[in-house]
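Given next are the chains, with one letter for each unit.
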Amino acid sequence: MTSHSRAFGASTRLATREQTADELYGEPENFLEIEVRNPATHGMGRKMFTDYEIVCRTNIPVFKFKTSAVRRRYSDFEWFRDMLERESSRVNIPPLPGKVFTNRFADEVVEARREGLERFMQIVAGHPLLQTGSKVLVAFIQDPNFDKETYIM
């Protein structure tokens, strides 16, 4: 046996310790959960609209609250996407689920839109460049008083 292989063979493993339950099952260092849920239709006739609850759970410092829930209409999501595109030319903003012109208040249509909005929000909110560079992202997701009509960039 050469001295090199003896040295290698004689080396000892680093001592390992058992991980604590908190290390195994606790909150990850940076986590973000975005859920779009509880669609609710309001109004009558031509004034009807559906809004969606955006629930956010996170420990990422850029977000003001660890947990939040706000309600937004589809038109709010359209405005939000437009603002993200204006803010960031370096990020490809995903499309929203398409506009629906017939049966838009049918349960299956509302659910399909909810799923599409949730996918959109998870992609956008999880993007590191948008988390640090967007002025509108956190307000849209967490501010219950957010109003696109009065929002100033």
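Residue positions are given per chain, counting from 1 as you read along its sequence in written order. The model is predicted, so local features are restricted to residues of pLDDT at least 70 and side-chain atom pairs to those at 80 or more, both for listing and for counting; the totals for chains, interfaces and linings are taken over all residues. Side-chain numbers come from the whole structure's heavy atoms, not from hydrogens or water.

Peer 1: Before we go on, may I ask you to explain the packing of aromatic side chains in this structure?
Peer 2: For any two aromatic rings, the description comes down to two numbers: the centre-to-centre distance and the angle of the planes. Aromatic contacts are taken between Phe, Tyr and Trp rings whose centres are within 6.5 Å, Trp giving its six-membered ring; a plane angle under 30 degrees counts as stacked, one over 60 as edge-to-face, and the others as tilted. Inspection of every chain in the model, using the stated rule, returns five aromatic pairs. Ring centres of phenylalanine 80 and phenylalanine 120 lie 6.2 Å apart, and the angle between their planes is 90 degrees; on these two criteria the pair is classed as edge-to-face. With phenylalanine 80 in helix α3 (residues 74-87) and phenylalanine 120 in helix α4 (residues 107-125), this pair connects stretches of sequence that are 40 residues apart. Here the two residues phenylalanine 80 and phenylalanine 120 agree in accessibility, since each one is buried. Linked through ring pairs, Phe77, Trp79, Phe80, Phe120, Phe140 and Phe146 together constitute an aromatic cluster. Comment: elements are numbered from the N terminus, with helices defined as DSSP H or I runs of at least four residues and strands as E runs of at least two. Relative accessibility thresholds used throughout: buried, under 20% of the residue-type maximum; exposed, over 50%; partly exposed, between the two (1.4 Å probe, protein chains only).

Peer 1: What should I look at first to understand the pairing of strand β2 (residues 49-58) in this one?
Peer 2: Look at any regular strand and the pattern is simple: side chains alternate between the two faces of the sheet. Of all ten residues making up β2, eight are buried, and the element is well covered by its neighbours. Pairing geometry for strand β1 (residues 32-42) and β2, over nine bridges, is antiparallel. The residue of β2 that forms the bridge with glutamate 33 is arginine 57. One requirement defines pairing of two strands: DSSP has to find at least two bridges between them. In sequence, β1 turns back onto β2 through a hairpin of six residues, with glycine 43 there showing a positive phi of about 85 degrees.

Peer 1: I tried to follow the layout of surface pockets on my own but got confused; where do I start?
Peer 2: Over the atoms, a rolling probe the size of a water molecule traces out where space has been left empty. Roughly 260 Å³ of volume is contained in the largest pocket. Along the wall of the largest pocket there are 16 residues; nearest its centre are Phe49, Tyr74, Lys99, Arg104 and Arg113. Broken down by secondary-structure element, the contributors of at least two residues to the lining of the largest pocket are β2, α3 and α4. Ten residues, namely Ala, Val, Leu, Ile, Met, Phe, Trp, Tyr, Cys and Pro, are considered nonpolar, four, namely Asp, Glu, Lys and Arg, are considered charged, and the remaining ones, Gly among them, are considered polar. Along the lines of polarity and charge, the residues of the lining of the largest pocket split into nine nonpolar, two polar and five charged. A pocket, in this scheme, is an open set of points on a 1 Å grid over the protein atoms alone with protein on both sides within 12 Å along at least 5 of 7 lines, while a cavity is a set where a 1.4 Å probe fits but cannot get out; residues line either one if an atom lies within 4 Å of a point. Grid points are joined across faces, edges and corners, and a volume is the space filled by probe spheres set on the points.

Peer 1: How do you make sense of the confidence of the model for the protein when you look at a structure like this?
Peer 2: A low pLDDT means the predicted coordinates there should not be read in detail. Across the protein, the average pLDDT comes to 84, with 83% of residues at or above 70. For every residue, the predictor reports its confidence as pLDDT, a number between 0 and 100. Ranking the helices and strands of the protein by mean pLDDT puts strand β3 (residues 67-73) first, with 96, and helix α1 (residues 3-10) last, with 52.

Peer 1: Please clarify how the pattern of salt bridges should be interpreted in this entry.
Peer 2: If charged atoms from side chains of opposite charge come close, those side chains can pair. For salt bridges, the criterion is a side-chain nitrogen of Lys or Arg within 4 Å of an Asp or Glu carboxyl oxygen. Evaluation of the coordinates by the stated rule reveals ten salt bridges. Here glutamate 35 and arginine 57 are joined by a salt bridge, their closest N and O atoms 3.1 Å apart. On the criterion of sequence distance, the pair formed by glutamate 35 in strand β1 and arginine 57 in strand β2 is long-range, its members being 22 residues apart. Relative accessible area serves as the criterion here: at 25%, glutamate 35 is assigned to the partly exposed category. In this structure, the salt-bridge partner of arginine 71 is aspartate 51, at a minimum N-O distance of 2.9 Å.

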